[in-house]
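# Inside the fold
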Amino acid sequence: MDAILMRLKDTFDPSTIEAIGGPASLYGGLLVGFFLGIVLQKGRLCKYDIVSGMFRMQDFTFWRVGTPLLMFGMVLIYFFKDIGVIELYLPRTVILAQLFGGVLFGAGLAISGYCPAIAAGALGEGALDAFVTMVGIVGGSVLYAEMYDGSKLDRIVSFIDLGRVTFPEIFLVFNHWFFIMGFVFMCAMFLLGISMYDTFLKASFSIIDKVGEKFGGSKVDRRKNKR
């Protein structure tokens, strides 16, 4: 407990706060987060029904907004990298750990209906159920930071460690722009596919309603029969 209190004291130390304005400034991240919040809110992604509808294959709003973000994000990041504006910091690609983390994250997203960014946006909109998710996110982060022991667990979670590599390197693509263009094409086909699937669902429901009205009477007639 004393160690936790000491870390909190160091976090809010004036010298630590002043360092935020130095080389490790967080203002850029704050600005990007601000614009991301606008996109999430205007795209109606901060709604529980939107996220849960994605897992039920009933609402594709999340995919329609998120997929173009992935496309433009990959293109812009590599463009800025090639012209020397930014440098990429690559985390380790650890297959077992990231598979387990992805499944755990997906389960939490499906159950709560919120991911960290969406939960923050939903809480800003006044959705009180997002507060429970935020408590879980913060509590889980603190629990992980306090209980994780790299010396003991790193041998387990580091199974199939590929190092700091990118997808073009994994798939042995000599020019990363070939991989990027393939990814963009795949995303475009995916968007076209979900649009066709959405249209197919609407047409199917319309046919079912018409068949039901033909053989079971109209909605008004059924209501009269019930009365």
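Treat the numbers as computed from the prediction; the structure is a model and nothing was measured. (Residues numbered from 1 in each chain as written. Predicted model: local features only at pLDDT ≥ 70, side-chain atom pairs only at ≥ 80, totals over all residues. Heavy atoms only, no water.)

### Regarding the packing of aromatic side chains
Remark: the centre distance and the inter-plane angle together describe each pair of aromatic rings, the angle taken between the planes. For the structure on display, the rule yields nine aromatic pairs. Seen in terms of ring centroids, Phe-167 and Phe-179 are 6.0 Å apart; in terms of plane orientation they differ by 10 degrees. Their pairing is stacked. Of the two residues, Phe-167 sits in helix α10 (residues 167-170) while Phe-179 sits in helix α11 (residues 176-216), which places them twelve residues apart along the sequence. Arranged with centres 6.0 Å apart and planes meeting at 20 degrees, the rings of Phe-171 and Phe-179 form a pair that is stacked. Put simply, the rings of Phe-62, Trp-63 and Phe-190 touch in pairs and so form one group of aromatic residues. (Phe/Tyr/Trp six-rings, centres within 6.5 Å; stacked < 30°, edge-to-face > 60°. Helix = DSSP H or I, 4+ residues; strand = E, 2+ residues; numbered from the N terminus.)

### Points about the pattern of salt bridges
Enumeration over the complete set of coordinates arrives at one salt bridge. With its nearest N and O atoms 3.4 Å apart, the salt bridge here joins Glu-125 to Lys-47. Taken together, the residues Glu-125 in helix α7 (residues 116-125) and Lys-47 in the loop between α3 (27-42) and α4 (48-55) connect sequence positions 78 residues apart. Owing to a relative accessible area of 33%, Glu-125 belongs among the partly exposed residues under this scheme. Assessed through its relative accessible area of 39%, Lys-47 is described here as partly exposed. (Salt bridge = Lys/Arg side-chain N within 4 Å of Asp/Glu carboxyl O. Buried < 20%, exposed > 50% of the residue type's maximum accessible area, 1.4 Å probe, protein only.)

### Notes on a nonpolar patch on the surface
A cluster of nonpolar side chains, namely Phe-72, Leu-76, Ile-77, Phe-79, Phe-80, Ile-83, Val-85, Ile-86 and Leu-88, defines an oily patch on the protein surface of about 800 Å² accessible area. Its place among the elements puts Val-85 in the loop between α5 (61-82) and α6 (95-112). (Patch = residues over 30% accessible without salt bridge, like charges linked within 9 Å, V, L, I, M, F, W, Y side chains within 5 Å. Areas by Shrake-Rupley, 256 points an atom, 1.4 Å probe, with all protein chains shown as cover.)

### Considering the environment of Phe-167
Among the residues examined, Phe-167 registers a relative accessible area of 51% and is labelled exposed. Through-space distance from the C-alpha of Phe-167 to that of Ile-180 is 9.6 Å; in sequence the pair is 13 residues apart.

### Topic: the side chain of Thr-67
One can find Thr-67 in helix α5. By relative accessible area, which is 5% here, Thr-67 ends up buried. Setting aside its immediate chain neighbours within four residues, Thr-67 contacts Phe-62, Cys-187, Phe-190 and Leu-191. (Contact = heavy atoms within 4.5 Å.)

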